[in-house]
2 protein chains.
Amino acid sequence: MKVSRSLAALGEKGLLQVLTARWKINPKRILTGVGDDCAVLHDKGNHYLLFKTDAVVEGVHFRPREKPELIGRKALCRALSDLAAMGAAPLAAVITLGVAKHESVRRLKGIYSGIARAAKNFGVNLVGGETTRAKELFLNVALLGECRGYRPILRSGAGLGDLIAVTGTLGGSQSNLRHLLFTPRLEEGQWLARHRFATALMDISDGLGADLPRLAEASGLSFQLEAKSIPRSPNANLFAAINDGEDYELLFTAPPGRAESLKKKWPFATPLHFIGVMGRRGAKSGFPVGTYGFDHFKQH
Amino acid sequence: MKVSRSLAALGEKGLLQVLTARWKINPKRILTGVGDDCAVLHDKGNHYLLFKTDAVVEGVHFRPREKPELIGRKALCRALSDLAAMGAAPLAAVITLGVAKHESVRRLKGIYSGIARAAKNFGVNLVGGETTRAKELFLNVALLGECRGYRPILRSGAGLGDLIAVTGTLGGSQSNLRHLLFTPRLEEGQWLARHRFATALMDISDGLGADLPRLAEASGLSFQLEAKSIPRSPNANLFAAINDGEDYELLFTAPPGRAESLKKKWPFATPLHFIGVMGRRGAKSGFPVGTYGFDHFKQH
């Protein structure tokens, strides 16, 4: 008798692997499909298009009583963080709204004004919208970005001995509201990609403890973290900094020979910290504490 | 005291207008934003990118007991029909899955195999997927398409005296399962756009009675339909042909001087019928029967 696997056993990542296992792409047009922060389409010459979809659902990604403007802001900024995570600039977004029949129009207007304000701040053209009836409120953001004149940075490019770096500080994003108010690191990401400082790049959405292993796996390497170097938000201990998630900071690797130059030339107010080093494939990766991050389907 | 408008009073179209009223786009990059079947981004020279988002929700767009493969097929093909509706070819899609915690993995695999098969049949690269927890199953498809060497056809290009045409037959899509099994008219749409036969073009998703007024409004004209010319599906009467919706056929206008040539050169097995003519702005538009189409929020 076949035992059907449950969602909880598979987890979010496992489910996605099962569902997309047989997807094939045309390598002439598509540089990167499933598995990185965004898909990458090769256009012409040194011009790349980035493509991303991301949804927020009431009760999962925001509380029902959250300020409507912040719900809209978060929906767009999460997807923007995925563009930042490859070093791309935003181009255009299309929004799907799922809405219950008796939803208040005033609340929806608040949500859309949050989307519009974030779009203006971060240079996104809002070019299409759809609405559908649903039992619960959800917003899906599909986003197009681009790299003009340089290549986007994948998760898979880390080299043995590369240093591991993060922007900002980690942990406590639920209690300090950063999960709603974060700034997608678009400029930092583009700078890292344009100047080829990053060998691998992604954003931290599920927590360093979940996301760094993904970067390491994509690059075929292990990693060692140095506990005391991990930058913690004021309200976060080391465990929180590794496990909380929703930091929306950049996580990247840089060749050790370029670390000094990177630190010197870093033109942003955003903090930059080196927190570890990439090790050999197969070596045991080292976390100071428990290693799991947030997974929608798994119960911790 | 302010009276808050309800969703039912606004309707789906009204809601979208309220929510997107203040969206601004950069006209250097964006040719068409909200209001047509897809957004159009101008790339270089005679190359255009088309961008679309569309969701299907359990209990709204498909029945819970529907065959999983057909749910996936429909989710992708609805968005493909919107590319056809502007004469574009598909390029790449990203899929968001919203899924309840105890959903069966086997059913989800069925849905994704329906998506993958349709993607293969219609030349779509599946390049990204996301999953999120939700109370009810939903699938959001974001789609990129392109026109290489010709311009996409908008809804707004109909001229006074242009003939109104439809592909296929209309009505009865729920009972004959065409709402699940329809073929997006991608080749027909591209042919019409490449050869400049269509002055305005869209697809019929909410019913001729809802969609033709949109084309007329976008073009600043009225229309007259000829009841006996409207092609009905075998199980549909005239009322059904106008009001049922989910036909996913093409609706377009053509200059009267080109109608004969169009009929002669039409290279497809898909039927082609002329059903009316575009009239002056402000003139009363003529439907043989009631004029409304499907609206998610309005109750008929």
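Here is what the cut-offs are and how they apply
All residue numbers here refer to positions counted from 1 along the written sequence of the relevant chain. Chain A is the first chain written and ligand 1 is the first ligand written, with later ones labelled in order. In view of the model being predicted, local features appear only for residues whose pLDDT reaches at least 70, and side-chain atom pairs are presented and counted only at 80 or more, with totals across whole chains, interfaces and linings using the full set of residues. The contact rule is simple: place each C-beta atom from the backbone, and if two of them lie within 7 Å, those residues are in contact. Secondary structure follows DSSP: runs of H or I at least 4 residues long count as helices, runs of E at least 2 residues long count as strands, and numbering of each begins at the N terminus. The residue classification treats Ala, Val, Leu, Ile, Met, Phe, Trp, Tyr, Cys and Pro as nonpolar and Asp, Glu, Lys and Arg as charged. All others, Gly included, are polar. When the copies are overlaid, the least-squares fit takes in C-alpha atoms only where the residue has pLDDT of at least 70 in both copies. Helix span, as expected, comes to 1.5 Å for every residue beyond the first. Exposure classification rests on a simple neighbour count of other C-beta atoms within 10 Å of a residue's own: a residue reaching 20 or more is buried, one at 12 or fewer is exposed, and one in between is partly exposed. C-beta atoms are placed from the backbone. The split of the chain into domains comes from an automatic or database domain assignment. All axes are obtained by fitting lines to C-alpha atoms, using only the stretch in contact for helices, and the reported angles, taken between N-to-C directions, cover 0 to 180 degrees. An angle below 35 degrees is read as roughly parallel, one above 145 as roughly antiparallel, one from 65 to 115 as roughly perpendicular, and any other as oblique. Crossings are sorted by hand: turned counterclockwise from the far helix by less than a right angle, the near helix makes the crossing left-handed, and turned clockwise it makes it right-handed.

The interface is formed by 61 residues belonging to chain B together with 61 residues belonging to chain A. Looking at which element gives the most residues to the side of chain B that touches chain A, the answer is strand β5 (residues 125-133) of chain B, with nine residues. Broken down by class, the residue content of the side of chain B that touches chain A amounts to 31 nonpolar, 16 polar and 14 charged.

Turning next to the relation of the copies chain B and chain A. Least-squares fitting of chain B to chain A yields an RMSD of 0.0 Å, with the transformation described by 0.0 Å of translation along the axis and a rotation of 180°. The relationship between the two copies is best expressed as a two-fold rotation axis. Scanning chain B for the C-alpha nearest the rotation axis identifies B:A142, at a separation of 3.1 Å. Comparing interface residues between copies, 100% of those in chain B also lie at the interface in chain A; the contact surface is shared.

For the rest of this paragraph, the subject is helix α3 (residues 105-122) of chain A. For α3(A), which comprises 18 residues, the first-to-last C-alpha distance of 26 Å matches the rise-based estimate of 26 Å (1.5 Å per residue) to within 8%. Inspection of α3(A) places A:L108, A:K109, A:I111, A:Y112, A:G114, A:I115, A:A116, A:A118 and A:A119 among the buried residues, and these make up the whole buried set. Of the surrounding elements, those touching the buried residues of α3(A) are α2 (68-84), β4 (89-99) and β5 (125-133) of chain A together with α1 (7-20) of chain B. Among the residues trailing α3(A), A:G123 stands out with phi positive, at a value near 75°.

Turning to the domain arrangement of chain A, a few remarks are in order. All names here are of chain A. Here chain A is described as being made up of domain 1 (26-148) and domain 2 (155-279). Centre-to-centre separation of domain 1 and domain 2, based on C-alpha positions: 22 Å. Taken together, the contacts link 18 residues of domain 1 with 16 residues of domain 2. Looking at the side of domain 1 that touches domain 2, the elements that each hand over two or more residues are α2 and β4. In terms of residue count, α2 provides more of the side of domain 1 that touches domain 2 than any other element does, nine residues in total. Here the side of domain 1 that touches domain 2 is built from residues that sort into eleven nonpolar, two polar and five charged.

Right, let's get into the environment of A:P27. Residues and elements named next belong to chain A. Tracing the backbone through its elements, the reader meets P27 in the loop between α1 (7-20) and β1 (30-32). A count of 10 C-beta atoms within 10 Å places P27 in the exposed class. Counting along the chain gives 14 residues from P27 to L41, while the straight-line C-alpha distance between them is 9.2 Å.

Let us look at the packing of α2(A) against α3(A). Residues and elements named next belong to chain A. Contact geometry of α2 with α3 gives a least axis separation of 6 Å together with a crossing angle of 40°. It follows that α2 is oblique to α3 by the angle criterion. The handedness of the crossing between α2 and α3 is right-handed. Taking contact as the criterion, the partners of P68, E69, L70, I71, G72, R73, A75, L76, C77 and L80 in α2 are, on α3, R107, G110, I111, Y112, S113, G114, I115, R117, A118, A119 and F122. For the contact of α2 with α3, the per-class residue count stands at 13 nonpolar, four polar and four charged.

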